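# Coordinate inspection notes
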Amino acid sequence: MTNSRGKRGRALQADGRFAVAMVATVALLGCAAVLGIVIGSTSVGLPDVLALAFGAPAEQTAANVIWNIRLPRVLAALLAGAALAQAGALIQAALDNPLASPNVIGVNSGAGLAVLLAASLVPGALWLTPLAAFAGALATALIIFALSLGTGLSRLTVVLAGIAITTVFGAGMNTILIVDPDAYVG
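Structure report, in brief. All values reported here derive from a predicted model rather than from experimental measurement.

For the rest of this paragraph, the subject is helix α4 (residues 107-121). With 15 residues, α4 should reach 21 Å at 1.5 Å per residue; the first-to-last C-alpha distance of 21 Å fits that figure. Val 107, Ser 109, Gly 110, Ala 111, Leu 113, Ala 114, Leu 116, Ala 118 and Ala 119 are the residues of α4 that are buried. In this structure, the buried side of α4 is in contact with α5 (128-151) and α6 (155-179).

As structure tokens, then:
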């Protein structure tokens, strides 16, 4: 009986620490978001942000900067961060390895190779960079999946195929940079 009470007490204590950590993390995220809205090249201060947040009248220039530039920038950063965190968690869960990341399975090198190819073949097309990165990462993930599926689809096979693809695509990136050193500049 005493042993189960001790386990329950430790579990409640761990839950309490987790709750405190989550509240602190959300508070820090909120502070960072407010700083992202306040800090910039145009002088928009915390009073302007608070005035807009609580419906009070604010200067028109400050309102335009906040609504049209800074708030979308902060929301995009929050969305990108959430997507990257989810992708990392999925890779770690799929490989059952807390150290797994996109570079372990070769996705980073696939995206990098595609970006360098695009920059080398179509110089100056900056709009092509995110499309090439996405296409390269997706193609690499499909190649890794196909290689793993063809050889037994184990976690170790995925990691080894990713390391091999990373090596090959890294050599491809180095080759492009040797042939066209300006490709990296874009």
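Looking now at the packing of α4 against α5. With their axes 7 Å apart at the nearest point, α4 and α5 run at an angle of 140° to one another. By the angle between their axes, α4 is oblique relative to α5. Crossing of α4 against α5: the hand is right-handed. Here Val 107, Gly 110, Ala 111, Ala 114, Val 115 and Ala 118 of α4 come into contact with α5, specifically with Leu 128, Thr 129, Ala 132, Ala 133, Gly 136, Ala 137 and Thr 140. Here the residues of the contact of α4 with α5 sort into nine nonpolar, four polar and no charged.

As a further point, take the nonpolar core. Counting residues in hydrophobic clusters, the biggest one holds 16 residues, and the most contacted among them are Ile 91, Leu 95, Ile 105, Ile 144, Val 158 and Ile 176. Residue assignment for this core shows that the elements contributing at least two residues are α3 (60-95), α4, α5 and α6. In terms of residues, this core owes the most to one element, α6, which gives five residues. Each residue touching Ile 176, except ones within four places of it in the same chain, is listed here: Leu 113, Leu 116, Leu 117, Ser 120, Pro 181 and Ala 183. Counting nine residues, the second largest nonpolar core, distinct from the first, contains Val 38, Val 49, Ile 66 and Val 74.

Okay, unusual backbone geometry next. The backbone phi angle of Asp 96 is positive, close to 50°, even though this residue is not glycine. Examined against the element boundaries, Asp 96 turns out to sit in the loop between α3 and α4. For Asp 96, a relative accessible area of 57% puts it in the exposed group.

What counts, and where the lines are drawn
Residues numbered from 1 in each chain as written. Predicted model: local features only at pLDDT ≥ 70, side-chain atom pairs only at ≥ 80, totals over all residues. Heavy atoms only, no water. Helix = DSSP H or I, 4+ residues; strand = E, 2+ residues; numbered from the N terminus. Expected span 1.5 Å × (residues − 1). Buried < 20%, exposed > 50% of the residue type's maximum accessible area, 1.4 Å probe, protein only. Contact = heavy atoms within 4.5 Å. Axes fitted to C-alpha atoms, helices over the stretch in contact; angles between N-to-C directions. Parallel < 35°, antiparallel > 145°, perpendicular 65-115°, else oblique. Left-handed = near helix turned anticlockwise from the far one by under 90°. Nonpolar A, V, L, I, M, F, W, Y, C, P; charged D, E, K, R; others polar. Core = buried A, V, L, I, M, F, W, Y, C linked by side-chain atoms within 4.5 Å.

This is a description of form; function is not addressed.
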